[in-house]
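Architecture at a glance
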Amino acid sequence: MKVILYDLGHEFDAMIKERCDCAIAADGKYAPCQGCFGCWTRHPAECSMKDSLQQVCRIIGRADELVIITKSLYGGYSAAVKNVLDRSIGTSTPFSTYRGRQMHHTLRYGKHDLWKVIAYGEMTEAEKDTLRYMAERNALNDGYQRSEVVFLNNPAELEAQL
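The shown structure was predicted, so the numbers you read here are calculated from the model rather than taken from an experiment.

What about the overall build of the protein?
When its secondary structure is counted, the protein shows four helices and seven strands. The order of α-helices and β-strands along the protein, N terminus first, is β-α-β-α-β-α-β-β-β-α-β. Computed over its C-alpha atoms, the radius of gyration of the protein comes to 15 Å, within 12% of the 15 Å expected for a compact globule of 162 residues. The C-alpha extent of the protein, read off along each of the three principal axes, is 40 × 35 × 25 Å. The proportion of buried residues among the 162 residues of the protein is 44%. Relative to all contacts within the protein whose residues are 6 or more apart in sequence, the contacts with residues 24 or more apart total 65%. Looking at the protein as shown, the accessible area adds up to about 8,400 Å², and 51% of this sits on carbon and sulfur atoms. In the protein, 20 side chains carry a positive charge and 21 a negative one; their mean positions are 8 Å apart.

Below you can see the structure in the form of structure tokens.
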């Protein structure tokens, strides 16, 4: 299953929805993670907050391919995208295991294929390096076999990358 998480305006909705099995709009119309860890323990992979991201752990957890479209902010994800990723912590469990000779949380849904980040906006080379490193580490931590980062000057160039 291909899931696209994006922070673009509604003018991109139709194009994105045509190119994936599930689209998650990081539109800010949801609460930020409260850090209660209920999605880890009390009700696994389901957020206790009753909003549009209540099932986001299950959606992202079942993705073979996760494509994140984000404005790059200082070499990181936009606040709206980071908020969605924070709410998806329930894709793993609170238990730990070794992967790649490093300690990581045990995956609730198993391994995935591709963690792809499409970043747009002005970026320095240092910011690009930071985003590449972050995507690689996020992919490893969330059980993705590989990561890829694509840089765009503006979202109008997006269609060719999906």
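A short note on the pairing of strand β3 (residues 65-71)
Taken residue by residue, a regular strand's side chains alternate between the two faces of the sheet. The buried count for β3 comes to five of seven residues, which makes it a mostly enclosed element. In this structure, strand β1 (residues 2-6) lies alongside β3, joined through five bridges in parallel fashion. Counterpart to Ile4 in the pairing with β3 is Val67.

Points about the sheet that holds strand β7 (residues 144-152)
Strand order in the open sheet formed by five strands is β2-β1-β3-β6-β7, and the pairing between neighbours is parallel. The open sheet has two edge strands, β2 (22-25) and β7, and neither has a second partner. Within the sheet, the average angular offset between the axes of one strand and its neighbour, ignoring direction, is 15 degrees. Pairing analysis gives eight bridges linking strand β6 (residues 112-120) to β7, with the strands arranged parallel.

Some points on the packing of aromatic side chains
This model, assessed by the stated rule, comprises two aromatic pairs. The ring of Phe151 is capped by Lys128, whose NZ or CZ atom sits 5.3 Å from the centre of that ring.

Let's talk about the state of the cysteines
Tallied over the full model, the rule gives zero disulfides. Free of any disulfide, Cys33 has its nearest cysteine sulfur in Cys39, 6.4 Å distant. Among the residues examined, Cys33 registers a relative accessible area of 35% and is labelled partly exposed. The cysteine Cys57 is free of any disulfide, with Cys39 supplying the nearest cysteine sulfur at 4.5 Å.

Quick word on unusual backbone geometry
The backbone of Phe37 sits at a positive phi, close to 60 degrees, despite the residue not being glycine. Classification of Phe37 by relative accessible area gives partly exposed; the value is 42%. A positive phi angle, near 55 degrees, is found at Tyr74, a position not held by glycine. Along the chain, Tyr74 turns up in the loop between β3 and α3 (79-87).

A short note on α3
For α3, every residue scored as buried is listed here: Val81, Asn83, Val84, Leu85 and Arg87. In the core, the buried residues of α3 are packed alongside β1, β2, α2 (56-61), β3 and β6.

With respect to the pattern of salt bridges
Throughout the structure, instances matching the rule amount to nine salt bridges. With its nearest N and O atoms 2.7 Å apart, the salt bridge here joins Asp51 to Arg87. Taken together, the residues Asp51 in the loop between β2 and α2 and Arg87 in helix α3 connect sequence positions 36 residues apart. For Arg87, a relative accessible area of 2% corresponds to the buried category. Note that Lys116 and Glu148 form a salt bridge whose closest N and O atoms lie 3.7 Å from each other. With a gap of 32 residues between them, Lys116 in strand β6 and Glu148 in strand β7 connect regions that are remote in the sequence. Assessed through its relative accessible area of 30%, Glu148 is described here as partly exposed. If you follow the salt bridges from partner to partner, you end up with Glu18, Arg19 and Glu159 in one network.

Procedures and definitions
Residues numbered from 1 in each chain as written. Predicted model: local features only at pLDDT ≥ 70, side-chain atom pairs only at ≥ 80, totals over all residues. Heavy atoms only, no water. Helix = DSSP H or I, 4+ residues; strand = E, 2+ residues; numbered from the N terminus. Rg over C-alpha atoms; globule rule 2.2 N^0.38 Å. Buried < 20%, exposed > 50% of the residue type's maximum accessible area, 1.4 Å probe, protein only. Contact = heavy atoms within 4.5 Å. Areas by Shrake-Rupley, 256 points an atom, 1.4 Å probe, with all protein chains shown as cover. Lys, Arg positive; Asp, Glu negative; His and termini not counted. Charge placed at Lys NZ, Arg CZ, Asp CG, Glu CD. Pairing = 2+ DSSP bridges. Axes fitted to C-alpha atoms, helices over the stretch in contact; angles between N-to-C directions. Phe/Tyr/Trp six-rings, centres within 6.5 Å; stacked < 30°, edge-to-face > 60°. Lys NZ or Arg CZ within 6 Å of the ring centre and 35° of its normal. Disulfide = S-S within 2.5 Å. Salt bridge = Lys/Arg side-chain N within 4 Å of Asp/Glu carboxyl O.

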